[in-house]
Amino acid sequence: MGLQAAQAALADAGIDGAALDLILVSTVTPDSLTPAVSCVLQDKLGAKHAAALDLNAACSGFIYASDVADSYIRAGKAKTVLVVSAERLSSIVDYTDRTTCVLFGDGAGAAVYAAGQEGGILSTYLRADGSLGQSLFAGALPPEDDPLRGGREIAAKHRFLKMTGSEVFRFTAAAVPESIDMAMQRAGLTASQVDWFVLHQANLRIVKMVADRYGLDMDKVYVNIDRFGNTSSASIPLCLAEMQHKGLLRPGQTLVMSGFGGGLTYGAIALKL
């Protein structure tokens with residue numbers, strides 16, 4: 001999925017892999033611990049001049065990776081950066097847990113950032129609250145749960161995604177407006193000057209909450225959760241790809257994007273096309 005998204009983004013940008021200086025991949029479901037997904041893509045894309053690294057900020061991954069891309073470009077360390085968000089959440093959900101398995105999906109999206117382009121990232125805002133990390137958890141066994149004592153079934157179960165929905169929602173209700181407010185403030189924008197708000201597709205209630213907070217019509221807030229579910233860091237670039245294919249994105253428009261989720265992490269970006 002990540003390869004297909006990367007190839008589509010490069011084609012849209014009118015470049016090939018040889019033009020890339022850096023490849024960043026956000027994912028919580030890599031195919032292997034090493035090599036990183038970004039290194040696999042570096043080879044398959046023929047990006048022989050590019051550095052490559054994976055980044056795990058869960059559902060905020062596209063926002064975090066875009067900030068890193070922007071930072072490299074502003075520092076003069078890279079001219080062209082590919083950001084890929086690819087998630088196979090079907091591999092870490094417990095299909096006997098109906099509180100989570102019906103929510104999550106698989107997907108990938110990508111974007112190219114380049115120096116010297118008109119527009120670009122106007123501002124970013126990134127934050128995390130690790131004290132709430134266990135409210136959205138998937139991973140290896142903690143030391144006290146030795147699989148040799150409990151067997152392989154315990155080890156397999158522990159890697160499945162577990163979520164305390166009420167805690168995550170309370171966190172999101174405060175984190176999303178904070179990130180959007182700060183990104184707009186740093187960019188010198190008001191909500192009325194933003195053409196599109198593109199949020200991580202976790203919950204339609206959250207999307208509507210943001211629209212109500214800023215007095216927005218829902219036609220300024222893109223939604224595709226009804227078709228793809230929560231695809232973690234892939235959800236924002238999936239929205240952008242759909243919007244572009246539908247002709248909704250045009251040069252000169254201003255977007256605010258906000259991601260939030262596992263870690264717990266959150267952040268927002270103001271972007272001018």
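Residues numbered from 1 in each chain as written. Predicted model: local features only at pLDDT ≥ 70, side-chain atom pairs only at ≥ 80, totals over all residues. Heavy atoms only, no water.

A. Structural view of the overall build of the protein chain. Along the backbone of the protein chain there are nine helices and ten strands. Its C-alpha radius of gyration of 18 Å places the protein chain within 12% of the 19 Å reference for a compact globule of 273 residues. In the form shown here, the protein chain has an accessible surface area of approximately 12900 Å², with 52% of it arising from carbon and sulfur atoms. Counting 23 positive and 27 negative side-chain charges, the protein chain places the centres of these two groups 1 Å from one another. (Helix = DSSP H or I, 4+ residues; strand = E, 2+ residues; numbered from the N terminus. Rg over C-alpha atoms; globule rule 2.2 N^0.38 Å. Areas by Shrake-Rupley, 256 points an atom, 1.4 Å probe, with all protein chains shown as cover. Lys, Arg positive; Asp, Glu negative; His and termini not counted. Charge placed at Lys NZ, Arg CZ, Asp CG, Glu CD.)

B. Spotlight on the packing of aromatic side chains. Here the structure, examined in full by the defined rule, presents three aromatic pairs. Centre to centre, the rings of Trp 196 and Tyr 222 are 6.4 Å apart; their planes meet at 75°, and the pair counts as edge-to-face. With Trp 196 in strand β8 (residues 196-199) and Tyr 222 in the loop between α7 (204-213) and α8 (225-228), this pair connects stretches of sequence that are 26 residues apart. Aromatic side chains Phe 197 and Tyr 214 sit 6.0 Å apart centroid to centroid with 15° between the ring planes, which places their arrangement in the stacked category. You can see Phe 197 sitting in strand β8 and its partner Tyr 214 sitting in the loop between α7 and α8, a full 17 residues away along the chain. In terms of burial, Phe 197 and Tyr 214 fall into one category: buried. Taking NZ or CZ as reference, Arg 205 lies 4.2 Å from the ring centre of Phe 169, over its face. (Phe/Tyr/Trp six-rings, centres within 6.5 Å; stacked < 30°, edge-to-face > 60°. Buried < 20%, exposed > 50% of the residue type's maximum accessible area, 1.4 Å probe, protein only. Lys NZ or Arg CZ within 6 Å of the ring centre and 35° of its normal.)

C. Fine view of helix α2 (residues 37-44). Every buried residue of α2 is listed here: Val 37, Ser 38 and Leu 41. For α2, the angular spread of buried residues about the axis comes to 95°, placing them on one side. Where the residues of α2 are buried, they touch α1 (2-13), β1 (22-26), β2 (51-55) and β3 (80-88). Remark: Gly 46 follows α2 within two positions and exhibits a positive phi of approximately 65°. (Arc of directions from axis to C-beta. Contact = heavy atoms within 4.5 Å.)

D. Looking closely at the sheet that holds strand β9 (residues 254-261). If you trace the four strands from one edge of the open sheet to the other, you get β5-β10-β9-β8, paired in mixed fashion. Two strands in the sheet have a free side with no partner beyond their single neighbour: β5 (120-128) and β8. Strand-to-strand twist of the sheet, defined as the mean angle between neighbouring strand axes without regard to direction, takes the value 10°. Sheet topology note: the β5/strand β10 (residues 265-272) ladder contains eight bridges and is antiparallel. By the bridge assignment, Leu 126 is partnered in β10 with Gly 267. (Pairing = 2+ DSSP bridges. Axes fitted to C-alpha atoms, helices over the stretch in contact; angles between N-to-C directions.)

E. Main features of the layout of surface pockets. In this structure, the largest pocket spans a volume of roughly 1200 Å³. Asp 12, Ala 111, Val 112, Gln 244 and Leu 273 are, among the 39 residues lining the largest pocket, the residues nearest its centre. Of all the elements in the fold, those that place two or more residues in the lining of the largest pocket are α1, α3 (61-74), β4 (106-114), β5, α9 (235-245), β9 and β10. Residue contributions to the lining of the largest pocket peak at seven residues, all from β4. The class makeup of the residues in the lining of the largest pocket is 25 nonpolar, eight polar and six charged. Space inside the second largest pocket adds up to approximately 590 Å³. As for the second largest pocket, its lining consists of 24 residues, and the residues nearest its centre are Val 28, Asn 56, Ile 92, Ala 138 and Gly 139. Here the lining of the second largest pocket is composed, by residue class, of 13 nonpolar, eight polar and three charged. (1 Å grid on protein atoms, 1.4 Å probe; cavity = no way out; pocket = protein on both sides within 12 Å on 5 of 7 lines; lining within 4 Å. Points joined across faces, edges and corners; volume = space filled by probe spheres on them. Nonpolar A, V, L, I, M, F, W, Y, C, P; charged D, E, K, R; others polar.)

F. Looking closely at the sheet that holds β2. Spatially, β2-β1-β3-β4 is the arrangement adopted by the four strands of the open sheet, whose pairing is mixed. The outermost strands of the open sheet, each flanked by one partner alone, are β2 and β4. Between one strand axis and the next, the sheet turns by 15° as a mean value, whatever way the strands run. Pairing of β3 with β4 involves nine bridges; the strand directions are antiparallel. Counterpart to Ala 86 in the pairing with β4 is Ala 108. Its contacts with the sheet place α3 against β1, β2, β3 and β4, and it is angled at close to 165° to β3.

G. Main features of the packing of helix α6 (residues 165-187) against α7. Packing of α6 against α7 leaves a shortest axis separation of 11 Å and a crossing angle of 45°. Taken together, the axes of α6 and α7 are oblique relative to one another. The hand of the α6/α7 crossing is right-handed. Two secondary-structure elements touch here, α6 through Phe 169, Thr 172, Ala 173, Val 176, Pro 177, Ile 180 and Asp 181 and α7 through Arg 205, Ile 206, Met 209, Val 210 and Arg 213. Residues that form the contact of α6 with α7 fall into these classes: eight nonpolar, one polar and three charged. (Parallel < 35°, antiparallel > 145°, perpendicular 65-115°, else oblique. Left-handed = near helix turned anticlockwise from the far one by under 90°.)

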